[in-house]
Amino acid sequence: MDKVLLIGVNTGAEDNFEHSMEELALLAEACEMEVVGSMTQNLPYINKALYVGTGKIEEIKEEAAWTGAEMLLFNDSLTPSQIRNIKDETGIAVMDRTTLILEIFASRAKSREAMLQVEVARLQYMLPRLVGLHEALSRQGGGSGSMSNKGAGEKKLELDRRKIENRLAELRKELSQVEVERETQQKKRERSAIPRVALVGYTNAGKSTIMNAMVETYIGDEEKKVLEKDMLFATLDTSVRNITPKENKTILLSDTVGFIDKLPHGLVKAFRSTLSEAVAAHLILHVVDFSDPHYKEQMEVTKETLKEIGAADVPVFYVFNKADLLEGEDAVRIPKITEQAIYMSAKQRIGMDELIDEILKRVYSGHKVCELLLPYDRGDLFSYLKEHANVLENSYEADGIHVKAECGEADLGRLAQYLK
Ligand SMILES: Nc1nc2c(ncn2[C@@H]2O[C@H](COP(=O)(O)OP(=O)(O)OP(=O)(O)O)[C@@H](O)[C@H]2O)c(=O)[nH]1
Ligand SMILES: [Mg+2]
């Protein structure tokens, strides 16, 4: 396990500096690093060359020697020259927050799509930094400034850059093929008229735990469970499960990657297709870790990210999870339900039935009771209704199958000619 020393500079621009340092420690743990210390500095602005103030470097060196740190982990995105300068000054390896998050994603990615997405994000992050490095070196190698007089280092970097660009093009091509497959599956789900519900929220809020509680109760197949773990970014791949909590009331529930403050922009872009599950949902369950003192900021980050991926118009129901952990005057009697939210505990399975009721109420609200007369040669429609609508009554008569069912709008349109 790598021993790391956390370094942060507080310029006062961020309201939650302390908390983002705590989060950095969690991210380091999620990447299997051992945090041996944390150093912070208040500065009016970031030092362009060294990120920290010049005097601080000496202190960092001492602290690193004292704690045995093998790596310095900075709570920000560093420029290539900062990385190089800090390395030169301290002789210790340097990593920044963005690279760390990309590393975590890279180690967790399992599906072909997630792996491609992460690699694209990583290379995209590297590319401009290579250019920066390239410029710094060409200043050294250029000498006379003549264009033909390229240094060997410069040529190598140009080559590296071209290699990365080619690789990126390849990856994007492959990714778009994988995305076509995903889209086809998604279209199939959209056509099936089964309401789609997406679990969305800050990382570690309990999305996968809710998914598993539902799988346990309504599917009962251990194999259908997803990974739930007290670790940032446990989930990277979207999983979709077909759940039928009440007869004829099926939903498609999807569990997606969690969000975090300062999620590298390249990653949001790279994961857009995975997150499209949320965009295409009828209902978003915005899961919040209500026991986290910073839950309000986390909700803001989630809302912003949802806007960014184009899911701002999807109706949202808030799930204030982990309410079992609140004590004293903060304690809430759970389950508690309001117009827009439920307070519950997925882990203790308190409020799961109520959550299901709220979901069904919302996604089946546009459903109307209708009476149909289906001809006998359209038995396929009857099977369809049995699967997708709530069939209340049916009888086989001389003129056909008489059906009374609760149907959604899309189905009503499709079945209009058979309405009694
Ligand atoms: N006390 C308590 N712990 C919970 C509750 N729900 C989930 N947890 C725990 O919180 C941790 C994270 O849960 P997950 O379900 O993996 O969280 P997630 O939102 O899927 O996280 P990512 O996949 O990383 O985005 C696990 O250790 C869960 O056991 C709850 O209601 N109460
Ligand atoms: Mg998860």
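Residues numbered from 1 in each chain as written. Chains lettered and ligands numbered in written order. Predicted model: local features only at pLDDT ≥ 70, side-chain atom pairs only at ≥ 80, totals over all residues. Heavy atoms only, no water.

Caption draft 1: Region of the structure containing the overall build of the protein. Counting its secondary structure elements, the protein contains 13 helices and 14 strands. Structurally, the protein occupies a C-alpha span of about 95 × 60 × 35 Å along its principal axes. Looking at the protein as a whole, 51% of its 420 residues qualify as buried. Contacts spanning at least 24 positions in sequence make up 69% of the contacts within the protein whose residues lie at least 6 apart. For the protein, the exposed area adds up to about 21200 Å²; of that, 49% sits on carbon and sulfur atoms. Looking at charge distribution, the protein has the averaged site of its 54 positive side-chain charges lying 5 Å from that of its 69 negative ones. (Helix = DSSP H or I, 4+ residues; strand = E, 2+ residues; numbered from the N terminus. Buried < 20%, exposed > 50% of the residue type's maximum accessible area, 1.4 Å probe, protein only. Contact = heavy atoms within 4.5 Å. Areas by Shrake-Rupley, 256 points an atom, 1.4 Å probe, with all protein chains shown as cover. Lys, Arg positive; Asp, Glu negative; His and termini not counted. Charge placed at Lys NZ, Arg CZ, Asp CG, Glu CD.)

Caption draft 2: Just the site of ligand 1, in detail. Contacts to ligand 1 come from 23 residues, most closely from Lys207, Thr209, Ala234, Thr235 and Asp324. The backbone of Lys229 places a nitrogen or oxygen atom 2.9 Å from an oxygen atom of ligand 1. Within the side chain of Asp324, one N or O atom sits 2.8 Å away from a nitrogen atom of ligand 1. No other element matches helix H7 (residues 207-218), which puts three residues into the shell around ligand 1. Here the residues of the shell around ligand 1 are counted per class, giving seven nonpolar, nine polar and seven charged. (Near = heavy atom within 4 Å. Polar contact = N/O pair within 3.5 Å; in protein donor to acceptor, adjacent residues only side chain to side chain. Nonpolar A, V, L, I, M, F, W, Y, C, P; charged D, E, K, R; others polar.)

Caption draft 3: Structural view of a negative patch on the surface. A contiguous patch of negative charge, built from Glu58, Glu62, Asp88 and Glu89, is present on the exposed surface. For the negative patch, the secondary structure elements donating two or more residues are helix H2 (54-67) and helix H3 (80-90). Topologically, Glu89 is positioned in helix H3. (Patch = residues over 30% accessible without salt bridge, like charges linked within 9 Å, V, L, I, M, F, W, Y side chains within 5 Å. Salt bridge = Lys/Arg side-chain N within 4 Å of Asp/Glu carboxyl O.)

Caption draft 4: Spotlight on the nonpolar core. Membership of the largest hydrophobic core comes to 47 residues, with the highest contact counts inside it found for Phe105 and Phe233. Take this core: its biggest share by element is seven residues, from helix H1 (residues 17-30). Once residues lying within four places of it in the same chain are set aside, the contact partners of Phe233 are Leu27, Ile101, Ile104, Phe105, Arg108, Thr203, Val257, Gly258, Ile260 and Leu263. Membership of the second largest hydrophobic core comes to 27 residues, among which are Met211, Met214, Ile359 and Val363. (Core = buried A, V, L, I, M, F, W, Y, C linked by side-chain atoms within 4.5 Å.)

Caption draft 5: Structural context of the environment of Met21. As for its placement among the helices and strands, Met21 is situated in helix H1. Excluding residues that lie within four positions of it along the chain, Met21 makes contacts with Leu6, Ile7, Gly8, Ser38, Met39, Thr40 and Asn75.

Caption draft 6: Just the packing of H7 against helix H11 (residues 352-363), in detail. Across the interface, H7 lies against H11 with an axial gap of 11 Å and an inter-helix angle of 95°. With respect to each other, H7 and H11 are oriented roughly perpendicular. Each of Ile210, Ala213, Met214 and Tyr218 in H7 lies in contact with H11, whose residues at this interface are Met352, Asp353, Leu355, Ile356 and Ile359. Looking at side-chain class alone, the contact of H7 with H11 contains eight nonpolar, no polar and one charged residues. (Axes fitted to C-alpha atoms, helices over the stretch in contact; angles between N-to-C directions. Parallel < 35°, antiparallel > 145°, perpendicular 65-115°, else oblique.)

Caption draft 7: The arrangement of the sheet that holds strand E1 (residues 2-10) in detail. With respect to topology, four strands assemble into an open sheet ordered E2-E1-E3-E4, the strand pairing being parallel. Each of the sheet's edge strands pairs with one partner strand only, and the pair in question is strand E2 (33-42) and strand E4 (93-96). Ignoring which end each strand starts from, the neighbouring axes of this sheet average 25° apart. Of the strand pairs in this sheet, E1 and strand E3 (residues 71-74) are connected by four bridges, and their pairing is parallel. Directly across from Leu5, in E3, lies its bridge partner Leu72. (Pairing = 2+ DSSP bridges.)

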